[in-house]
Amino acid sequence: MVNLVAAQKPLLHGLMKMAGVKSHLVEIEPGTVMNFWVPVETIKKQKPKKGEKTNQTVTKPTKPVVVLVHGFAAEGIVTWQFQVGALTKKYSLYIPDLLFFGGSITDKTDRSPTFQAETLVKGLKQLGVEKCVVVGFSYGGMVAFKMAELYPELVEAMVVSGSILAMTDSISNSTLSSLGFKSSSELLLPSSVKGLKALLSVAVHKKLWFPNRLHKDFLEATR
């Protein structure tokens, strides 16, 4: 049976390229690779020599830079797909997949927002970004706060939605208890349709109805 969530990704990627951004992998260091959706005009293909693969060079952005940082539930382009078309008209848009999401991987054991922020900034600098406005949603807001704290010369302004400065035990335990979960990983990494519905119930303002089939496909596509 076709996984409906996985099947729509090629279409989404094509639409994003038409809107002005495309996927680009950045090697931060050996063992750590971060996927960014970057302005199409900043990626230039170099004519390869005989027997070599086509190389790509990255140029600096030509418009004010906006960095969109996704939350815990999905990778970058899935979270921000509806904002891309409007923002690329006036801004150079950069949409990362945070480590452990989408196409971003690392062999490091660090899982902190600080490590995410440091890695994200290293990637942006490799892409030629010198100043930016950071927009963070949920978990992405925590990473954005860390970026602004550690790199004030890079972050000119911030927009944060549905987030907190940091997750403390008191916040975590009270929230988890009210939702019927014993740990953060139980809530944030659901393994069942019921668990995914619970996660979505706290991630959106208005409850949206989706068939169980779609929830199952989402769980399979994101494993």
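Definitions and cut-offs
- Residues numbered from 1 in each chain as written.
- Predicted model: local features only at pLDDT ≥ 70, side-chain atom pairs only at ≥ 80, totals over all residues.
- Heavy atoms only, no water.
- Helix = DSSP H or I, 4+ residues; strand = E, 2+ residues; numbered from the N terminus.
- Contact = heavy atoms within 4.5 Å.
- Buried < 20%, exposed > 50% of the residue type's maximum accessible area, 1.4 Å probe, protein only.
- Axes fitted to C-alpha atoms, helices over the stretch in contact; angles between N-to-C directions.
- Parallel < 35°, antiparallel > 145°, perpendicular 65-115°, else oblique.
- Left-handed = near helix turned anticlockwise from the far one by under 90°.
- Nonpolar A, V, L, I, M, F, W, Y, C, P; charged D, E, K, R; others polar.
- Phe/Tyr/Trp six-rings, centres within 6.5 Å; stacked < 30°, edge-to-face > 60°.
- Salt bridge = Lys/Arg side-chain N within 4 Å of Asp/Glu carboxyl O.
- Polar contact = N/O pair within 3.5 Å; in protein donor to acceptor, adjacent residues only side chain to side chain.
- Pairing = 2+ DSSP bridges.
- Right-handed = clockwise from strand over helix to strand, strands pointing away.

Caption draft 1: Region of the structure containing the overall build of the protein chain. Broken down by element type, the protein chain carries 9 helices and 9 strands. Sequence separation of at least 24 residues holds for 60% of the intrachain contacts in the protein chain that already meet a minimum separation of 6.

Caption draft 2: Molecular detail of the environment of Glu130. Positionally, Glu130 belongs in the loop between α4 (113-126) and β8 (132-137). Accessibility expressed as a relative area gives 53% for Glu130, which makes it exposed. For the pair Glu130 and Leu154, spaced 24 residues apart in sequence, the C-alpha to C-alpha distance is 6.0 Å. Contact partners of Glu130, with chain neighbours within four places excluded, come to Lys60, Glu153 and Leu154.

Caption draft 3: A look at the packing of α4 against helix α5 (residues 139-150). Between α4 and α5, whose axes approach to 8 Å, the crossing angle comes to 70 degrees. As the angle between them shows, α4 and α5 are arranged roughly perpendicular. α4 and α5 meet at a crossing whose hand is right-handed. Across the interface between the two elements, Pro113, Thr114, Gln116, Ala117, Glu118, Leu120, Val121 and Leu124 of α4 pack against Tyr139, Met142, Val143, Lys146, Met147 and Leu150 of α5. The class makeup of the residues in the contact of α4 with α5 is 10 nonpolar, 2 polar and 2 charged.

Caption draft 4: A look at the packing of aromatic side chains. Within this structure, the stated rule accounts for 2 aromatic pairs. Both rings, one in Phe72 and one in Phe101, keep their centres 5.3 Å apart while their planes meet at 90 degrees; by these two values the pair is edge-to-face. Placement of the pair is Phe72 in the loop between β5 (65-69) and α3 (76-87) and Phe101 in the loop between β6 (92-96) and β7 (105-106), with a sequence separation of 29 residues. Assessed through its relative accessible area of 12%, Phe101 is described here as buried. Ring geometry for Phe72 and Tyr139: centres 5.6 Å apart, planes at 75 degrees, overall edge-to-face. Separated by 67 residues along the polypeptide, Phe72 in the loop between β5 and α3 and Tyr139 in helix α5 bring together distant segments of the chain.

Caption draft 5: Spatial organisation of the pattern of salt bridges. In total, this model carries 5 salt bridges according to the counting rule given. In this structure, the salt-bridge partner of Glu29 is Lys108, at a minimum N-O distance of 2.9 Å. Of the two residues, Glu29 sits in strand β1 (residues 21-29) while Lys108 sits in the loop between β7 and α4, which places them 79 residues apart along the sequence. For Glu29, a relative accessible area of 28% translates into the label partly exposed. Of the residues examined, Lys108 reaches a relative accessible area of 29% and is grouped as partly exposed.

Caption draft 6: Broad picture of the side chain of Thr42. Positionally, Thr42 belongs in the loop between β2 (32-39) and β3 (43-46). A polar side-chain atom of Thr42 sits 2.7 Å from the main-chain carbonyl oxygen of Pro39. Apart from the residues lying within four places of it in its own chain, the contact partners of Thr42 are Thr57, Val58, Thr59, Lys60, Pro61 and Tyr94.

Caption draft 7: Quick peek at the pairing of β5. With 5 of 5 residues buried, β5 is to be regarded as a mostly interior element. Alternating residues of β5 divide into Val65, Val67 and Val69 and Val66 and Leu68, and every residue in both groups is buried. Here β5 pairs with β6 via 3 bridges, running parallel. Residue pairing for β6: Val67 is matched across the bridge by Tyr94. The handedness of the β5 to β6 crossover, carried by α3, is right-handed. With 4 bridges connecting them, β5 and β8 associate as parallel partners. Residue pairing across strands places Val66 opposite Val133, the latter belonging to β8.

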